[in-house]
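Chain by chain, the residues:
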Amino acid sequence: MLQAEIKSLLKEDISILIKVPNSGKHYLCDCGEASLLTVKEVQSLSALFISHTHIDHFSNFDGIFRHQIGSGEKVVICGPGNIHQQVEARLKSYTWNLIDEKAIEYEIREIVSKEEIRVYTLRPPYWSPEFVKTQDFLYEDEYVNVDFAVLDHKTDSVAYLFKEKDSVTFNENASGFRKGKWISELKAAFENHDPDKEIEIEGTVYKAEELFSLLTRNPGYKLGVIMDHAASEENYEKIKTVFEEVDLVYIESFYKDSDQDFATLNYHSFASASGKIMNECKVKEAIPIHFSRRYTETDQEEIETAFYKAFHKK
């Protein structure tokens, strides 16, 4: 099951670390100030997912690449339109005369639309972006694939959905056969939609589809992160399309209900609005995040109370 940890303290800017248990694989959502984010965690990042580049979501990018330079790894950065230029600007603001060109590679995946992701690479010491290709998916590895919705925050703000790969389990008690390599062959046929694959068990050959009843597909865990967005019906329709019945969602709840005029003015959400849309999406668990820095712990408690009241409303 995917695990998420908020790495920012109260009155710090937001940053959320997502871990794949027992793998050492880490992903980071946004690069705000984050006192709890360790150097080891930064060096384990496979990908950064940037919602938008307002300073409170991007200010710690320098501190992150500071601890990645020299790794020799490729790190993926996903984000909204023009993010390759903004990453380039940050990197070019430093002097790199002592850094080898193989010290690191950043692959920037810039969201143009659901069907168009532009891919660029940047390498030291000159950090000149090189356009590589256009693709129709954002991110996928052996553990997760990542969907998204582009929301309005008076600029594009990307909400991300991390979907753990489905797993297939074998019902040993129902098989009546001895264990063997045929189980992995059966699973492979199931995953590859190959019902005619021949599977030999104890000297008898079966078609894979005859044995598929011994397998169970277990849907992967779904974890969403919805950052800054206006409390608008247009945004809510986009959220519903991607985040329906998700297992866990962290959602921006920047303002108290009593400050919703500020929310409207600044294209942010507020406590009960965020709770209500999570209720309408029928998500299993939702957690309000990213509160205004001017709020105290008491204010945070007020936000959480209003949020959960709206979220759990029948």
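Residues numbered from 1 in each chain as written. Predicted model: local features only at pLDDT ≥ 70, side-chain atom pairs only at ≥ 80, totals over all residues. Heavy atoms only, no water.

Draft legend 1. Structural context of the sheet that holds strand β3 (residues 25-29). Reading across from one edge, β1-β2-β3-β4-β5-β6-β7-β8 is the order of the eight strands in this open sheet, with mixed pairing throughout. Each having just a single partner strand, β1 (3-6) and β8 (130-135) make up the two edges of the open sheet. In this sheet, neighbouring strand axes are inclined to one another by 20° on average, regardless of whether the strands run parallel or antiparallel. Relative to strand β2 (residues 16-20), β1 runs antiparallel, the two being bridged by four bridges. Among the inter-strand pairings, Ala4 is bridged to a residue of β2, identified as Ile18. Contacts from helix α4 (residues 83-92) reach β5 (74-80), β6 (105-113) and β7 (116-122), with the element oriented near 150° to β6. (Pairing = 2+ DSSP bridges. Helix = DSSP H or I, 4+ residues; strand = E, 2+ residues; numbered from the N terminus. Axes fitted to C-alpha atoms, helices over the stretch in contact; angles between N-to-C directions. Contact = heavy atoms within 4.5 Å.)

Draft legend 2. How the structure looks around the sheet that holds strand β11 (residues 156-164). Spatially, β9-β10-β11-β16-β17-β18 is the arrangement adopted by the six strands of the open sheet, whose pairing is mixed. The strands lining the two open edges of the sheet, one partner per strand, are β9 (139-140) and β18 (285-289). Relative to strand β17 (residues 248-252), strand β16 (residues 222-226) runs parallel, the two being bridged by four bridges. Its bridge partner being in β17, Leu223 is matched across the sheet by Leu248. Along the sheet face, helix α9 (residues 271-280) touches β16, β17 and β18 and points at about 150° away from the line of β17. Across the sheet, helix α10 (residues 297-311) lies against β17 and β18, angled at about 150° from β18, the strand it touches most.

Draft legend 3. Up close: the pattern of salt bridges. All chains considered together, the criterion is met by 29 salt bridges. Of the charged contacts, one joins Asp147 and Lys114 as a salt bridge, the two residues approaching to 2.5 Å between their closest N and O atoms. Taken together, the residues span a long stretch of sequence, with Asp147 in strand β10 (residues 144-152) and Lys114 in the loop between β6 and β7 at a distance of 33 residues. The exposure class assigned to Asp147 is partly exposed, which follows from its relative accessible area of 22%. Among the residues examined, Lys114 registers a relative accessible area of 37% and is labelled partly exposed. Across the salt bridge formed by Glu234 and Lys238, the nearest N and O atoms sit 3.9 Å from each other. With Glu234 and Lys238 both in helix α7 (residues 233-243), this residue pair falls four residues apart, about one helical turn. Under the relative-accessibility criterion, Glu234 is labelled exposed at 52%. (Salt bridge = Lys/Arg side-chain N within 4 Å of Asp/Glu carboxyl O. Buried < 20%, exposed > 50% of the residue type's maximum accessible area, 1.4 Å probe, protein only.)

Draft legend 4. View of the packing of α7 against α9. Running from N to C, α7 and α9 cross one another at 40°; their axes reach a closest spacing of 10 Å. Classified by the angle between their axes, α7 and α9 sit oblique to one another. Along this stretch, α7 crosses α9, giving a crossing that reads as right-handed. Mapping the contact onto sequence places Tyr236, Ile239 and Lys240 in α7 and Ala273, Ile277, Met278 and Glu280 in α9. Taken together, the residues that form the contact of α7 with α9 break down as five nonpolar, no polar and two charged. (Parallel < 35°, antiparallel > 145°, perpendicular 65-115°, else oblique. Left-handed = near helix turned anticlockwise from the far one by under 90°. Nonpolar A, V, L, I, M, F, W, Y, C, P; charged D, E, K, R; others polar.)

Draft legend 5. A look at the nonpolar core. Membership of the largest hydrophobic core comes to 29 residues, with the highest contact counts inside it found for Ile16, Phe49, Tyr139 and Tyr160. Looking at this core, the elements that each hand over two or more residues are β2, β3, β4 (45-49), β5, β10, β11, β16 and β17. By size, the runner-up hydrophobic cluster in this structure holds 28 residues, among which are Ala149, Phe254, Ile277 and Met278. (Core = buried A, V, L, I, M, F, W, Y, C linked by side-chain atoms within 4.5 Å.)

All quantities given are derived from atomic positions and should not be read as evidence of function.
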